[in-house]
Amino acid sequence: MNSLKKKHVFSLLNCLIALAMIFGPIKGLLQVKTHSEYYSHILLIPFVTAFLIFNKRKEIDALLAQTFKPGIVLAAFGLGLYLFGMLAITGLNQNDQTALKVFSAILFLLGSFMFTYGMDLFKKLCFPLLFLFFMVPFPTFLMDGFIRLLQVGSTEFVNVLMTATGVPFLREGFVFHLSGMSIEVAKECSGIRSSLALLITALLAGHLFLKTGWKKILLAVLIIPTTMFKNGIRIVSLTLLGTYVDSRLLTNSTLHTDGGILFFVLALALMAPILYVLKKGEKEKVMREGNLPPA
C-alpha cells in the first residue's frame, strides 16, 4: 500500500471515530421534538461537505502528498475536550451536552485532516471543512438570544404590515388585538428553523457564486431581516384570513401548520435579486479591470 492510500485509510478511520463520537448525542437530540425541529438540517451537512470537496477533486490532487504535523495537537485537543465533557461536565442540558461533544468531534476531525493532508489542502478546502460546524447545535443561551431577536424583529414587521393594510388594531408588546380576535407573536413564530435553513443556503450560494468576501458576508447577514419580513407576511396573512374568512385557519389549517415551505420559498425569492445584484457587480468589476490599459 503506497503512502497516499495509507493517508486515505487513516483519514477514513478518523471519520469513523468522529462519527462514533457524535452518533449517540445527535440521535438523542433529534429524538426530542423541539430539538428535531430546530436541527433537522444536521444530517444533511456532511453530504454537502462531501459534495463541495468532490467538486474540487481536480484542484487538490497535487496537495495530497503534504502533511502538517501540528494538526495532531488540534486533534488531541478535540479528543481531550470530548473526554472532559463526558467525565467532568455536569449540569448541562441535553442540547448543550450535544453541542460540546459534536464541537469536540469536529475539532478532532479537522486536526486529523491537517495532520494527514497538510495545511495547504486544508486552506483549499477551508469552506467545506468549516461548514461541518453547522452540525453543532447552538448552545442554549445563543439559541434563546437568536429566537428573541427574530421574535422582536418579526413583531415590528407585523406592526408595519398591519398598519399598511389599514385594519384597525391595538398593540400590546407582542400581542395584537383586532376586532373579535387577539394574536401573539410568540417564540414559535420566530422562524428559527427557516432562518437556519436560509443562512445555510445563503452561505452556500455566496461560496458558489460570489468571489468577494464582504459580499458573501452581506448576503448571509441579510438573511436576518429577510426572515423577519417573511415571518411578518406569514403572521399578517394568517391573522387577516383568520379574522375575516375563517378563524380555524389560525389553528387547524394546512397553511398554518405546513405553510412554512411556501413562505420559505418566498424568502428565497426575496434573496434571489440580492444575489443577482451582488453577482452582477462582480462581473462588471471584472469587465472594467479587463479593459484597463497595462501599467
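Residues numbered from 1 in each chain as written. Predicted model: local features only at pLDDT ≥ 70, side-chain atom pairs only at ≥ 80, totals over all residues. Heavy atoms only, no water.

### Concerning the overall build of the chain
Here is step 1: Helix and strand counts for the chain stand at 14 helices and three strands.
Here is step 2: Scored against the burial criterion, the 295 residues of the chain give a buried share of 37%.
Here is step 3: Restricting the contact set of the chain to residue pairs at least 6 apart, pairs at least 24 apart contribute 76%.
Here is step 4: When the accessible surface of the chain is split by element, carbon and sulfur atoms take 69% of a total near 16,600 Å². (Helix = DSSP H or I, 4+ residues; strand = E, 2+ residues; numbered from the N terminus. Buried < 20%, exposed > 50% of the residue type's maximum accessible area, 1.4 Å probe, protein only. Contact = heavy atoms within 4.5 Å. Areas by Shrake-Rupley, 256 points an atom, 1.4 Å probe, with all protein chains shown as cover.)

### Things to note about the sheet that holds strand β1 (residues 170–172)
Here is step 1: Overall, antiparallel pairing links the three strands, which are arranged β1-β2-β3 in an open sheet. In the strand order of this sheet, the two ends are held by β1 and β3 (181–184), each with one partner. Strand-to-strand, the axes of this sheet are offset by a mean angle of 20°, without reference to chain direction.
Here is step 2: Taken together, the four bridges between strand β2 (residues 175–178) and β3 define a ladder with antiparallel strand orientation. Of the residues in β3, the one forming a bridge with His177 is Ser182.
Here is step 3: In this fold helix α9 (residues 140–165) packs onto β1 and β2, with an angle of close to 25° to the strand it touches most, β2.
Here is step 4: Along the sheet face, helix α12 (residues 223–244) touches β2 and β3 and points at about 160° away from the line of β3. (Pairing = 2+ DSSP bridges. Axes fitted to C-alpha atoms, helices over the stretch in contact; angles between N-to-C directions.)

### Here we look at a nonpolar patch on the surface
Here is step 1: Among the surface-exposed residues, Leu12, Leu16, Leu19 and Phe23 lie close enough to one another that they form a single nonpolar patch of about 420 Å² accessible area.
Here is step 2: Here Leu19 lies in helix α1 (residues 3–30).
Here is step 3: The exposure class of Leu19 is partly exposed, given its relative accessible area of 47%. (Patch = residues over 30% accessible without salt bridge, like charges linked within 9 Å, V, L, I, M, F, W, Y side chains within 5 Å. Salt bridge = Lys/Arg side-chain N within 4 Å of Asp/Glu carboxyl O.)

### Let's talk about the packing of α1 against helix α6 (residues 94–117)
Here is step 1: Direction vectors running N to C along α1 and α6 enclose 175°, while the axes themselves pass 9 Å from each other. The pairing of α1 with α6 is recorded here as roughly antiparallel in orientation.
Here is step 2: Along the lines of polarity and charge, the residues of the contact of α1 with α6 split into 15 nonpolar, 10 polar and two charged. (Parallel < 35°, antiparallel > 145°, perpendicular 65-115°, else oblique. Nonpolar A, V, L, I, M, F, W, Y, C, P; charged D, E, K, R; others polar.)

### Here's the deal with the environment of Tyr82
Here is step 1: By the element assignment, Tyr82 lies in helix α5 (residues 71–87).
Here is step 2: Between the C-alpha atoms of Tyr82 and Phe108, which are 26 residues apart in sequence, the distance is 9.0 Å.

### So, the nonpolar core
Here is step 1: With 39 residues, the main nonpolar core has Ile22, Ile45, Val102, Ile106, Phe113, Leu121 and Met135 as its most contacted residues.
Here is step 2: Of all the secondary-structure elements, those providing two or more residues to this core are α1, α3 (45–55), α5, α6, α7 (119–124), α9 and α10 (192–209).
Here is step 3: Residue contributions to this core peak at nine residues, all from α6.
Here is step 4: Leave out the neighbours within four places in its chain, and Phe113 touches Gly118, Leu121, Phe122, Leu125 and Leu129.
Here is step 5: Grouped together as the second largest cluster of nonpolar side chains are 11 residues, Val167, Phe176, Val185 and Ile235 included. (Core = buried A, V, L, I, M, F, W, Y, C linked by side-chain atoms within 4.5 Å.)

### Focus on α3
Along an α-helix, residues three or four positions apart point the same way, because every turn accommodates 3.6 residues.
Here is step 1: Among the residues of α3, those classed as buried are Ile45, Thr49 and Leu52. Relative to the axis of α3, the buried residues are bounded by an arc of 65° and lie together on one face.
Here is step 2: Among the structural elements, α8 (126–130) and α10 are those in contact with the buried residues of α3. (Arc of directions from axis to C-beta.)

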